[in-house]
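Spelled out, the chains give:
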Amino acid sequence: FMPGDKTANGSGNSKSEINCSEDFFLDNATNTCKPLCGAFETTAPRYKIEAKVIFSIAAVVGIVMSILFMVASWIERSVMFTFPSVLPLYSNIAIFVNTVVFIVPPLVGVSNTKMLCTSPDLLQAFNENTFYCQVQGVVGTYGALVVSFFTVLHLGLIFWGVFFPFHKQRHMKTGSRSRVYLHITCVATALILPVVPVATTLATGGYAITSSPPFACAPIDRISNLFTFELFISISLAVAGTLLVLTIWKLDKNMFSVAERKLLVIFSYIMLILVLFIASSIAARRKLDKYIAELTAYIFCQSSGVPSSDVCDRSGFEGFTVIVELMTIVEAAFGFYPAVLFIFVLNFRKLANISKKRSIGPSVASSSLQSSTT
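The structure presented is a predicted model; accordingly, all values stated were derived computationally and were not measured.

(A) The arrangement of empty space enclosed by the protein in detail. Evaluated as defined, the whole model comprises 2 cavities of 30 Å³ or more. Within this model, the largest cavity holds a volume of roughly 70 Å³. Lining the largest cavity, in full, are L87, P88, S91, F150, T151, H154, L263, I266, F267, Y337 and L341. Among the secondary structure elements, those contributing two or more residues to the lining of the largest cavity are helix 3 (87-107), helix 6 (131-163), helix 11 (258-302) and helix 13 (321-345). Class assignment for the residues of the lining of the largest cavity results in 8 nonpolar, 3 polar and no charged.

Quick look at the structure:
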């Protein structure tokens, strides 16, 4: 952005006595200094580096492990492409698409500032959205809900088998019509229900940046987000937690197969993410109004330019950085999810046999695969 004429020292305007700070620009229309989107930092300086490091590591790990998971699933496709073993593969695809959308601009050399800032004025950019910001918000919201719903559905199937084993066996026979219908119902439920929060958010203003430098987009309308996306996430967590506790209570620890133990790790991880997300959302909602008030007061203090800006206090809104950092960790945790999913498809027994150079018969190998990955 080039919002105003620069003086020789790089700040202010040559036609005015007002000199703006380096992260502000002079608005010729109002003759006041305004925060420059992308340059002005709404968080503590340390967050800029932390966010880049965390997102970079999570993106690389997420992409690599997603690809490895899909390759391993293809190798073990006789098991992994069958229902319900295929459900983690659907979650992996959702995470993969989400990660790709987030990292494409940096990979092609386009800065987030150019893609996400609608205006040089940061306060104006907070209430507007770019096309990429809309895409990022939609994919992020939809992907998180898809993973949550597939987790609940998979837990529901395990719960069904534990509490009603004979009923499940009758309806889950290989090739049976009821098994096909159940597969279609699970996929349709997980793919269609997330459309509701996404459509509601788009209808109530869409997505916009919430910090600067911009890294991600969030719903503009907090009320609609509370009663759609956050409500769906909370319900998913409550249902998944209940099903998991009841299943563990019903089964003796010695009755868990290798596959079931792997699934417990996956389900525990995704529920930990959901708990952290809800906790960070509640904390952010409680302090958001104070954060906006402190930020607005600081910007107003800076509006008259230097040297009056020297007395402006940033500590009020920089205290919000802790909550933003927690949200960043939650978002990055979704990036590491494919690494946890990889445990599900990894056949440890088969790897041990290979490492010991032992050969096993086809029937035994098939039995081992079924017991460890189905």
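Moving on from the model shown.
(B) Seen up close, the state of the cysteines. Summed over the entire model, instances satisfying the criterion amount to 3 disulfides. What pairs with C20 in a disulfide is C33, and their sulfur atoms sit 2.1 Å apart. Between C20 and C33, the S-S dihedral sits near -90°, and the bridge is therefore left-handed. Placement of the pair is C20 in the segment before strand 1 (24-27) and C33 in strand 2 (residues 32-35), with a sequence separation of 13 residues.

(C) Expanded view of the pairing of strand 2. What you see with strand 2 is a clean split: C33 and P35 sit on the buried side and T32 and K34 on the side with no burial. Hairpin geometry of strand 1 and strand 2 is characterised by an intervening segment of 4 residues between the two adjacent antiparallel strands and by a positive phi of about 60° at N31.

(D) Summary view of the pattern of salt bridges. Scanning the entire structure with this criterion turns up 2 salt bridges. Between K34 and D27 there is a salt bridge, with its nearest N and O atoms 2.8 Å apart. A salt bridge links D121 to K34; its shortest N-O distance comes to 3.8 Å. With a gap of 87 residues between them, D121 in the loop between helix 4 (112-116) and helix 5 (122-125) and K34 in strand 2 connect regions that are remote in the sequence. Given a relative accessible area of 10%, D121 falls into the buried group.

(E) View of the nonpolar core. Within the largest apolar cluster, 53 residues are counted, with the highest numbers of intra-cluster contacts made by F69, V147, I233, I266, I270, F334 and Y337. For this core, the secondary structure elements donating two or more residues are helix 1 (45-75), helix 3, helix 6, helix 8 (177-192), helix 10 (222-250), helix 11 and helix 13. When residues in this core are grouped by element, the largest group, 13 residues, is from helix 6. Excluding residues that lie within four positions of it along the chain, Y337 makes contacts with S91, I95, V147, T151, I266, Y269 and I270. Counting 35 residues, the second-largest nonpolar core is a separate cluster that includes I18, L26, L116 and L288.

(F) Inspection of the confidence of the model for the chain at higher detail. Model confidence for the chain is summarised by a mean pLDDT of 77, while 82% of its residues fall at 70 or above. Per-element averaging of pLDDT across the chain places helix 15 (residues 362-373) at the bottom with 40 and helix 9 (residues 195-203) at the top with 91. The low-confidence segment residues 1-16, where pLDDT is below 50, has 31 contacts with residues more than four positions distant or belonging to other chains. The low-confidence segment residues 354-374 (pLDDT under 50) makes 30 contacts with residues lying over four places distant or belonging to another chain.

(G) Local environment of the environment of L122. Along the polypeptide, L122 turns up in helix 5. The class of L122 is buried, set by a relative accessible area of 0%. C-alpha of L122 to C-alpha of L36: the two residues are 86 residues apart in sequence and 5.7 Å apart in space. L122 has contacts with P35, C37, F40, T42, I209 and S212, leaving out every residue within four places of it along the chain.

(H) Focus on the packing of helix 1 against helix 13. Packing of helix 1 against helix 13 brings their axes to within 8 Å, and their N-to-C directions diverge by 15°. By the angle between their directions, the pair helix 1 and helix 13 is classed as roughly parallel. Seen along the crossing, helix 1 lies across helix 13 with a hand that is left-handed.

Here is what the cut-offs are and how they apply
Residues numbered from 1 in each chain as written. Predicted model: local features only at pLDDT ≥ 70, side-chain atom pairs only at ≥ 80, totals over all residues. Heavy atoms only, no water. 1 Å grid on protein atoms, 1.4 Å probe; cavity = no way out; pocket = protein on both sides within 12 Å on 5 of 7 lines; lining within 4 Å. Points joined across faces, edges and corners; volume = space filled by probe spheres on them. Helix = DSSP H or I, 4+ residues; strand = E, 2+ residues; numbered from the N terminus. Nonpolar A, V, L, I, M, F, W, Y, C, P; charged D, E, K, R; others polar. Disulfide = S-S within 2.5 Å. Buried < 20%, exposed > 50% of the residue type's maximum accessible area, 1.4 Å probe, protein only. Pairing = 2+ DSSP bridges. Salt bridge = Lys/Arg side-chain N within 4 Å of Asp/Glu carboxyl O. Core = buried A, V, L, I, M, F, W, Y, C linked by side-chain atoms within 4.5 Å. Contact = heavy atoms within 4.5 Å. pLDDT = per-residue confidence, 0-100. Axes fitted to C-alpha atoms, helices over the stretch in contact; angles between N-to-C directions. Parallel < 35°, antiparallel > 145°, perpendicular 65-115°, else oblique. Left-handed = near helix turned anticlockwise from the far one by under 90°.

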